[in-house]
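# Structure at a glance
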6 protein chains.
Amino acid sequence: MAEDTLGLMKDCQLSVRKLNPRQYIADISELKNVEVWFQRASDVVRKLKTGDVDMGIVGYDMLREYGEDSEDLVIVHDALGFGECHLAIGIPTYGIFENINSLNELAAMPLWTEDRPLRVVTGYTYLGKKFLEKHGFKHVQLSTADGALEAAPAMGTADAILDLVSSGTTLRENNLKEISGGAVLSSQGVFVANKKALLERKEVLDVAHEMLERFEAHLTALGQFTVVANMRGASAEEVAERILNNTSYPGLQGPTVSPVYTNEGGTANVDYYAITICVPKPQLYHAVQQLRKAGGSGVLVSPLTYIFDEETPRYRQLLENLKA
Amino acid sequence: MAEDTLGLMKDCQLSVRKLNPRQYIADISELKNVEVWFQRASDVVRKLKTGDVDMGIVGYDMLREYGEDSEDLVIVHDALGFGECHLAIGIPTYGIFENINSLNELAAMPLWTEDRPLRVVTGYTYLGKKFLEKHGFKHVQLSTADGALEAAPAMGTADAILDLVSSGTTLRENNLKEISGGAVLSSQGVFVANKKALLERKEVLDVAHEMLERFEAHLTALGQFTVVANMRGASAEEVAERILNNTSYPGLQGPTVSPVYTNEGGTANVDYYAITICVPKPQLYHAVQQLRKAGGSGVLVSPLTYIFDEETPRYRQLLENLKA
Amino acid sequence: MAEDTLGLMKDCQLSVRKLNPRQYIADISELKNVEVWFQRASDVVRKLKTGDVDMGIVGYDMLREYGEDSEDLVIVHDALGFGECHLAIGIPTYGIFENINSLNELAAMPLWTEDRPLRVVTGYTYLGKKFLEKHGFKHVQLSTADGALEAAPAMGTADAILDLVSSGTTLRENNLKEISGGAVLSSQGVFVANKKALLERKEVLDVAHEMLERFEAHLTALGQFTVVANMRGASAEEVAERILNNTSYPGLQGPTVSPVYTNEGGTANVDYYAITICVPKPQLYHAVQQLRKAGGSGVLVSPLTYIFDEETPRYRQLLENLKA
Amino acid sequence: MAEDTLGLMKDCQLSVRKLNPRQYIADISELKNVEVWFQRASDVVRKLKTGDVDMGIVGYDMLREYGEDSEDLVIVHDALGFGECHLAIGIPTYGIFENINSLNELAAMPLWTEDRPLRVVTGYTYLGKKFLEKHGFKHVQLSTADGALEAAPAMGTADAILDLVSSGTTLRENNLKEISGGAVLSSQGVFVANKKALLERKEVLDVAHEMLERFEAHLTALGQFTVVANMRGASAEEVAERILNNTSYPGLQGPTVSPVYTNEGGTANVDYYAITICVPKPQLYHAVQQLRKAGGSGVLVSPLTYIFDEETPRYRQLLENLKA
Amino acid sequence: MAEDTLGLMKDCQLSVRKLNPRQYIADISELKNVEVWFQRASDVVRKLKTGDVDMGIVGYDMLREYGEDSEDLVIVHDALGFGECHLAIGIPTYGIFENINSLNELAAMPLWTEDRPLRVVTGYTYLGKKFLEKHGFKHVQLSTADGALEAAPAMGTADAILDLVSSGTTLRENNLKEISGGAVLSSQGVFVANKKALLERKEVLDVAHEMLERFEAHLTALGQFTVVANMRGASAEEVAERILNNTSYPGLQGPTVSPVYTNEGGTANVDYYAITICVPKPQLYHAVQQLRKAGGSGVLVSPLTYIFDEETPRYRQLLENLKA
Amino acid sequence: MAEDTLGLMKDCQLSVRKLNPRQYIADISELKNVEVWFQRASDVVRKLKTGDVDMGIVGYDMLREYGEDSEDLVIVHDALGFGECHLAIGIPTYGIFENINSLNELAAMPLWTEDRPLRVVTGYTYLGKKFLEKHGFKHVQLSTADGALEAAPAMGTADAILDLVSSGTTLRENNLKEISGGAVLSSQGVFVANKKALLERKEVLDVAHEMLERFEAHLTALGQFTVVANMRGASAEEVAERILNNTSYPGLQGPTVSPVYTNEGGTANVDYYAITICVPKPQLYHAVQQLRKAGGSGVLVSPLTYIFDEETPRYRQLLENLKA
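In what follows, the accompanying structure is described. Computed from a predicted structure; not experimentally measured.

### As for the overall build of chain A
- Looking only at helices and strands, chain A features 12 helices and 16 strands.
- For 324 residues, the compact-globule estimate of 2.2 N^0.38 gives 20 Å, and chain A exceeds it by more than 25% at 27 Å.
- Each principal axis of the C-alpha distribution contributes one length, and for chain A these read about 95 × 50 × 40 Å.
- Relative to its full complement of 324 residues, chain A shows a buried share of 53%.
- Pairs at least 24 apart in sequence give 68% of the contacts found in chain A among residues at least 6 apart.
- Counting every atom, chain A has about 14,300 Å² of accessible surface; 48% of that belongs to carbon and sulfur.

Pasting the structure below:
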C-alpha cells in the first residue's frame, strides 16, 4: 500500500522525500507545511481518529475495521485504483460444510449452540461481529490470530475464517471456499481525513482539495489517450462534421481541427486537416477503426499525465459531508 | 522472452493477468475469449503445430527448429524487436582449426571420414542437419547436450558447436570463433499462428488482426517523436512552405500549422506559427538543426504510444499466406 | 553515478551498449566514433587530465579533488541534476568541541600546536589542504583512510573529518556535527572535457556540442508540461487575449490557438478554442486554477521529452572558455 | 525465533519436516504422534492457553504478555539460549525529560494528571499496565500501535515507549534513553506447555520429558570440550594424581587414564598415559596451560554433541509445578 | 544435485576446486589425475555411455531414462542419500478419472482406442513407454514437453502425466492424484561408472574403489554417535558385563573400558570406568536411558566423520558385476 | 578477509560481538580489554604503524605495500591459511609483447626510453617500484588507478599491470599473461602487531601470545583426524607393537591402547583392543588401509577442534624478533 501510494503521489508530481532512511517522516516539496508519516494501516486509522494526523491513505477495509464507523472520519476520495480486494467468509470444502454454499445455509446449521458456537477466526473482529449479527447468526465466537488464518480450520481451531481474498488461490490451497452472501465488503485504497481538521483549519482543507484534484486529474488521464488523425477534406468544417457525425469519439467539447500543409509544386496547400480528440483507452482500437472509415490516416496516439475537468463532484460531495 | 513479450503486450494496452501466481494461465482483459498460456518456447511451437494453441510468440530460431517447416504454422509478425541473436557454427581458434576461417574450408578438411566425422554438438539438430547437408558436409555427426555446449570442444567430446550467439563473448572465452558462411539464421521474437485456426475460426483471425495492428502501431511509434516548433512568419502558408522546402521532415502528410498569439500592447497578434511534425528518433538532432536554420525556436519534443498507419502490409501478406 | 549517467543518456536517446558484460567498454549507437569507458570517478579525472579520455561525466567534488585545478580540464555542463551532495567539515558534538559551532571558532582553539595539530581525516586531501590553509588554520595534519572516516573521532585517531554529506544522518549517528563556514563545496554531476581535445579535434567538439544540446533540452523538458485547455470564446483572438492578459502562463512565444468544432444540429460550429501552452511543473496547479478562472475546461496535461531552446548559453560559454 | 528453534531442534537430532512448503504444519521423524505448527508467537501463546496446542517454544516476553499469568501454562525449560532481549521503558533525551533518569523520577513528575496522563505507546499493554501500576504511576494512558513505536515521542503522539531493547541503537537513533528501574523483564526463548495436557495425557509428558532432556544435554555440551592430553609418568595412578592434585580440571568424575605405547627398539613400552577430561569452553586456554605445567603434551580438543547428566533438576521442578 | 554431490565430496575430504568460475572443469586435490566435469544429468549419462567420462554421480531416474539399460554402465554405489524422489503417473482427480484409483483401472478404461489413445506427457519417454507396455496399456501416446507438465491435463493437451513426485503438493495443487501401481521407480543419487573404463584401466577402478570406501564410511558415520559413559564399578570386567548383559548397545566389537581415577585424600583411586560405544542416532535417547539404568552417569556424545568397516560388500558386488 | 578472519576467530572460540550493526567496533567476550576495529586493510596497516591499533590481521601483500618495510611492525603468525594469492606482473599476449615471456626479456626491450618509459598501472606503487628497480628496469613509469587495472593495456593507457592474481582467469580474459620472474610475492592472511606495543605493554604481548596459541592449535587440528581402530590381539603390548612396527601412523607419542570387552557366555572377555592415534587428513585413506592390514576393524574417525603442541616455535621467534 505504501508503495502504491508513493507511486500515485509521484505520478501526481508530489515528491515525497524521506528525511532519514531509517525513520518514518517525509515531506512533500510541492506542498509546504505538510509532513508525511509512514505508519501501518491500523495506526493510520487510529491516528486519524484521535486527530494525531489530519489526512491518510489506507485500504477501505482497514478504515472500516479500525475506524469503527467513527464520525470523526470523512472520505475524500473513495477509489484510488490500487489495493483492490474483498473481505469474505471462507469455510471448508469438506466435512460438514461440504454442501453449505450460502451464508443463509451456514447460519441455519443446527450445530451452532451457545456451548458450541460457530468459531470464526479473523483480523476483522469489529466488522465481522456487525456483519454476522446483521445476518442472523446467534451463536458465534470470533477469535483473533496474528498469522495464517487460513490454516485454522484444518488445524481444528476454528470453523470458518473471515479474511481478505484477492485471487482465491490461498483459499483453494487450504481447501476453503467462499459462499454466496459471504462477502462483507469490497476494498481499495481510499483518501481519508479527520473531519474536525478539515472544518477548523482552512489550510488542511486546501491541501486536501489540491491533492483530491491531482488524484482525480491523474486517474482520469490514466484512462484516456490523445489521438491525432490527419484527414483529407475540403475544409475544417467538413472534416469536423465527418468526425462529429460518423464517429463515437468527438473529444471533450469536440474535435480540435488544424490545417496540414502539403507540398504542391513548391507552394503549400491545405488538403488535410489534423483533428485532435481524446479517446478512452479501452475504445482505442474501435476509435482507430472508425477514424479510418471516416478517411483518417496517420493516427498518432499519445499519453496524458492529467485531465483536469471543470470541478470535481467529489469535492462538492466532501463539502456537503462536512456540513452534515 | 516471456518478459519481453509481456512488456510488449503491456505497452500495447493488453493487460495479461495471471489467474494464479503459481500456474501458467492468464487472460487479457481487453480481448474476450482469449486465454494466455505460459510455456517454454519449444512447447509453444509443439502446441502450435498440433493446434493445442492458436497463436504464439517465440523466437524465430525456436520456430524453425521445432516447427520443422510445418505447413500448419504461419507467421503474423516477423520482427517484434526483441530477442535478437543469430545461430552460427563455432570452431576452436587453435589446433587443426587455427587456419580455418570459412564454412567451405571446414567442409573441405580431409580429416572428416565416415569413421571420424565432424562432430557437432547442438540443441538445433533439425536446422543443423539441413544446413550442413545443404553446404556439402558429407561426414557429419550431430549430437545433443542439455548444457554448456561451448565447453565440448575443449573437453574433446565435439569438434564444433552450433548455437545462438549474441555478443560473441562466450565464444571468445572458450577459445572458439565464428567462421565466414557459418551463420545459419538471424532470429528475433515473432508472432506465429496455427494456419487452420486462422482459416476456420473467424474470431481467431480477428484477434490476430487486432494484435498485429497494435504491435505494428506501437513498434512504429517507438521510432518517432512528435515535434512542435514555433516559427515566426507572415502567414501559415509562408511558414509551411519554409518547412516543406527547406527541411527533410515534412511530417506524415505535411506539417500541421496553428497560429500562436503574442501580446502586443494588450491585444493578441499572430507573428508566430506552431508547426507540428513527426520525426524519426535517429534524425531528431538533425531535424532540430534544420528547424532552427529555418527560423524555428522553442522546439518541443514528445513521445508517442502508437502510430496507426493506413493498413498494415503485414495483414495483406497474412491473408495471402492463408490462401496459399 | 554510473547508473545516473546511463539513465540521463538513455533519456537523451543515446544508447550505451556494453560490448561485453564483463569488460568496461561500450559504444553509443547514435554517435559514431565514440567509445565509452566505465571507470571509477578518480580514474576518469586522471585520464581526462592526461588526455587518455576526451570527455567524462563525474561528480564536481571528484573533478576538483583529482583535477587539482588543472588547466587541461574544461566544464561543458555544470549541473546535470544528479548526485547532489556537499563536502563539509564534521566535528564531534561532545568533549572539547561541545561549544564549537563555526570554522572560525575551530581555527581559534588554542589547543592546536605544531606538536599537536588538528588531525583531520579525509579522502579529499587536495581540497582539504587548500580550504583549511585559506581559512587560517596553521597547525593541521590531514591523513587519509579508505573507509569509515566518520568513526575516526570516536576511535581517537582524528579530531575532525572532511567528507561528503547528504542527509546528515551518518554524521548524527556518529555524534558529529557540521559547523558554520565548514562547507567546502556543493557538488553534483558535471560534464567535463579535456581542453586540448576540444581545441584540436573538431569531431570531439561536435560530439560535446551535441551531447550538451541533448542534455540541456532534456533537463529543460523535465521541468515543463504541455497544457491544452479548451476555452469557449468569440474568436481565436479574443481567447488568446484572455490568456495573455489574465494568466501568468503565456507559453514560450504565446499560446497556440486552434478551433474546436462542436455539433450544432449536424453541422460543425466553432464556439471553443484549444489553447496550448507550456507550464513549469511546480506551477501546474496554479496554472490550472488560472485557466479555469479564464474560462478553460478540459485541461489536458502531457509530458515532454525535450525542449530545444534557441542556442544554449552554455555552448557560448564553452567556446569562450576554450579561447581563454 | 522460528529459525533459532529449528536450529536447536536440528542440533538435538529432531528432524522437523514441513509437509508442504506453503503450509504451516510439520512432523518430527524421531517423535511419533507429534505435529509441529508454525505460528506467530502471540498465536502460540493463545493456543497454549486454550489447549489447541500442547507445547510451544516462544520468547518469555510474549509468554508473559499474551499468557496473562494464566494458570494453564507451565514452563518446561526457561533458558533456551536464543532470542535474548529485555523489555524496558524508553523516554526522550530532550525537553522535559532531559533530567529524568529513573522510573521514580518519571513517576514523580507533577505534569501527569487525569486530563493529561503520561502517554505510553507499547505492544505490551498487559505487562505494561501491571508494571506501571505496581511502581506507583497514577495517571497513565497506554495505547497500542502496530509499528515504529520508537518514532511516537518525536511525532508527539506519546511521551514514552515500552518496547524490547537489544543493543539500544534504535533507542539512541530516535533520541530516546532507558532509565534506572525501567526494565520490566529479561527475555529469551522458553519451552512452555499446557498444564492440563501434561497432567492428563502421559504421552504429552513423555514427549516433553524427552525434549527437555535433549535440550539440556545439548545446551550443556555446547559449553564443554573433550580434552585428551598425553602425559609422561611412572604409572596411571601417578599421572592421575598429578591431574587431580595440580589442575582445576578433573573431568566429570575424574580423569580417564589409558596407556600410550611407545616404541623402544621394536617392543612397545608404556611411558606415557593419555588422560581424558571435560573442560568448560571459557577455561580451555587456562586448562591447557595447567596441563602443560603438569607435564602434558599433545593436547587434543574435540567438540561434543550432548552431555547427559544424571537427572535434570528442571524435570523434577516441572513435576513439582504440575502438582501445584 | 551438483550441490548435494559437492557437499558429499567435501564431507569425504575430497576438495573439488573449479579451475575457472565460469567454466565447467574442476580437479580434486586428494585424487591425482582426476578431472571433474560439471554437466547436466542427461549429459552425464550420455557421456558415461559413450565413455567420454569414466564415472558420474546422477539421479537414478536420469540414469535409467538416458542410460536406456545400456550394458556399458555399472552402478558403484546405489544410495548416496540425497535427491530422493519417485517417478509416478498422475491423473486428474475430476471428470472421467474421478473414480479411477489404480493403474489397472486406468488401463481398463474403454475410452482408449487407436484413434483416441491415452495421452501421457512426460520427460521420461524411454521409461514411460517400457512401463506402460509392461502393464498392458495398448493405446498410449507419449509426448514430451520442456516445462510445466502438471498443467497439461487442465489445459486439455494430455490425459495424464508421468513425472517426479516429492511431496505431492504440486500434484494436489493441479488437481492431480497418484494411483495404486502407478509408481515407476524410486530414485536417489547414485555413483555410476563406465564398465569398460573400470575393466581396462586399473587407475579408474582404484579411484572408484577409494571414492566408494569414503562414501560408505561417511554415510555410515552419519548415522552413529560415539557415546562415552562413566560407570561406577568394582572392576573393568564387572562394568563391561553390566553393559553387555543389560543394554542393547555393546558397540562394534564390545565396549572399550578405561579406568577413571577419582581423588581420595590426595591419592588416585579407581571407582569408575569410562565405557565407550557406538550408538545409532535414532536409538540415542533409548541408549542413554539404558546406560543410566545400568549405573552410567555423565554420558558424553560426540559426532563421527567416518566409520570404515572391514570391507564393503558393495565393492565385492562391483567386482562381480564387472565379470558379468 | 573480514569474513575469513571472523571465521577463524569463531573457530578459535573468540566471540567477536559488534556493539552496533552500523558501526565498526566490537569486543571479544573471552579477552577482556580488547576492542576490535573493522577497517579496510590499508587503514589497518596505517594504524598499526602509527600505533593507533596494537594488532591486526591483514593480507601479507597489504602489509608490505602500506607497511613500507616499517620497523614498527612485527609479524606474529605468517600463514593464517586464507586469502591466498600472489602479486605479479601481467603483460599483453599480443603485439610487441607476443614473444616476451620473462622479466629479463621485458627489461631488455629497447623500446623503453626516458621519453617513452614502460608504463605500469598498479595499486602497489611502493612494492612495484622496489621490485622493478631491483630487477634492472631503468625507464619505468608507475601510475595508479582505482579500478579495472586489467583493462588498461587494451585501452592503451598502460603497457603492463602489476596486480593480485588468483586463478589467472581475469588475466586471460583480458588477453594478458604472467611472465617468468614476474611474481613479486605470495600472500595470505597474516597476524601482525605494533612492535612497541608488544615490548612496552605486557598485556598486549599476553593477548598476542594467547591468540597465537589458539590460531596455531586450531590450524594444526584442521589437518588431523582422531582415528580409533579395534584390533584383535593377545595383549595390549602385542597390539601396540603391531601398530608401531607395521604402520606409519603411531600417533603423537604412540598409540593409546584400551581393552575392549566382548561377551563370552555372559562374562566379559578381552580379545580386542581399541587403539587411538592421530592421522594427517591427506593420509587418512592410506592409514585405514595399513590398519586393516594390521588386523584393524571398525575404524572410527572423528574431527578435532584444537591440537596444542608443547610450545609453538612461532612464539620463540616472536620474542627473538622483539629483541632485534
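The rest of the description comes next.
### Considering helix H3 (residues 60–67) of chain F
- Inspection of H3 of chain F places Asp-61, Met-62, Leu-63, Glu-65 and Gly-67 of chain F among the buried residues, and these make up the whole buried set.
- Within two residues after H3 of chain F, Glu-68 of chain F carries a phi angle of roughly 50°, on the positive side.

### Concerning the interface of chain C and chain A
- Taken together, the contacts link 29 residues of chain C with 32 residues of chain A.
- Both sides together, the interface formed by chain C and chain A hides about 2,600 Å², and carbon and sulfur atoms give 54% of it.
- Together, Tyr-261, Tyr-285 and Arg-292 of chain C form the three largest contributors to the area buried by chain C at its contact with chain A, with a combined 27%.
- Our count for the chain C to chain A interface comes out at one salt bridge.
- The salt bridge partner of Glu-213 of chain A is Arg-292 of chain C, with a shortest N-O separation of 2.8 Å.

### Points about the packing of aromatic side chains
- Enumeration over the complete set of coordinates arrives at 24 aromatic pairs over all chains.
- For the ring pair Tyr-306 of chain D and Phe-225 of chain E, a centre distance of 6.1 Å and an interplane angle of 80° mean the geometry is edge-to-face. Separated into two different chains, Tyr-306 of chain D in strand E16 (residues 306–308) and Phe-225 of chain E in strand E12 (residues 224–232) make up a pair that spans both. The pair Tyr-306 of chain D / Phe-225 of chain E is uniform in exposure class, with both members buried.
- Seen from the ring of Phe-225 of chain D, Lys-281 of chain D lies directly overhead, with NZ or CZ sitting 5.0 Å from the centre.

### Considerations on the pattern of salt bridges
All names here are of chain C.
- Overall, the coordinates contain 96 salt bridges over all chains when judged by the stated rule.
- Between Asp-43 and Arg-46 there is a salt bridge, and its shortest N-O distance comes to 2.6 Å. Placement of the pair is Asp-43 and Arg-46 together in helix H2 (residues 41–50), with a separation of three residues, close to one helical turn.
- Under the relative-accessibility criterion, Asp-43 is labelled buried at 1%.

### Some thoughts on the sheet that holds strand E5 (residues 73–77) of chain F
Residue and element names in this part refer to chain F.
- The three strands are arranged E4-E11-E5 in an open sheet whose pairing can be described as antiparallel. The sheet is open, and its two borders are formed by strand E4 (55–59) and E5, each paired with just one other strand. Each strand axis lies, on average, 40° off the axis of its neighbour in the sheet, ignoring direction.
- By the bridge criterion, four bridges tie E5 to strand E11 (residues 189–194) in an arrangement that is antiparallel. Along E11, the bridge assignment pairs Leu-73 with Asn-194.

### Let's talk about the packing of helix H2 (residues 41–50) of chain A against helix H3 (residues 60–67) of chain A
Residues and elements named next belong to chain A.
- Where H2 contacts H3, the two axes come as close as 9 Å, and the packing angle between them is 55°. By the angle class used here, H2 and H3 are oblique. Crossing angle aside, the handedness with which H2 passes H3 is right-handed. Taken together, the residues of H3 that come into contact with H2 (itself represented by Ala-41, Ser-42, Val-45, Arg-46 and Lys-49) are Met-62, Leu-63, Tyr-66 and Gly-67.
- In the contact of H2 with H3, the residues fall into five nonpolar, two polar and two charged.

Calculation notes
All residue numbers here refer to positions counted from 1 along the written sequence of the relevant chain. Working convention: letters from A go to chains and numbers from 1 go to ligands, in the order in which they are written. In keeping with the model being predicted, local features are shown solely for residues with a pLDDT of at least 70 and side-chain atom pairs are shown and tallied solely at 80 or more, while totals for entire chains, interfaces and linings include all residues. The side-chain quantities take in all heavy atoms of the structure and omit both hydrogens and water. Here a helix means four or more residues in a row that DSSP labels H or I, a strand means two or more in a row labelled E, and each is numbered from the N terminus. Our radius of gyration is a C-alpha quantity, and the globule rule it is checked against amounts to 2.2 Å times the number of residues to the power 0.38. Residue exposure (1.4 Å probe, protein chains only): buried if accessible area is under 20% of the type maximum, exposed if over 50%, otherwise partly exposed. By definition in these notes, contact holds between two residues if any of their heavy atoms fall within 4.5 Å. Throughout, the Shrake-Rupley method with a 1.4 Å probe supplies accessible areas, and for residues the shown protein chains are the sole cover considered. Two parts lose some accessible area (1.4 Å probe) when they are put together, and adding that loss for both gives the buried area. Any Lys or Arg side-chain nitrogen located within 4 Å of an Asp or Glu carboxyl oxygen qualifies as a salt bridge. Geometry of aromatic contacts follows a simple scheme: Phe, Tyr and Trp rings, the Trp one being its six-membered ring, pair when their centres are within 6.5 Å, and the pair is stacked under 30 degrees between planes, edge-to-face over 60, tilted otherwise. Placement of a positive charge over a ring is assigned whenever Lys NZ or Arg CZ falls within 6 Å of the ring centre and within 35 degrees of the normal to the ring plane. Pairing between strands is defined by DSSP: at least two bridges between the two strands are required. For helices, the fitted axis covers only the stretch in contact; all axes are lines through C-alpha atoms, and the angles between them, taken along N-to-C directions, range from 0 to 180 degrees. Our angle categories are set so that under 35 degrees counts as roughly parallel, over 145 as roughly antiparallel, 65 to 115 as roughly perpendicular, and the remainder as oblique. Handedness of a helix crossing follows the sense of rotation of the near helix relative to the far helix, less than a right angle counterclockwise being left-handed and clockwise being right-handed. Gly counts as polar in this scheme, as do all residues outside two lists: the nonpolar Ala, Val, Leu, Ile, Met, Phe, Trp, Tyr, Cys and Pro, and the charged Asp, Glu, Lys and Arg.

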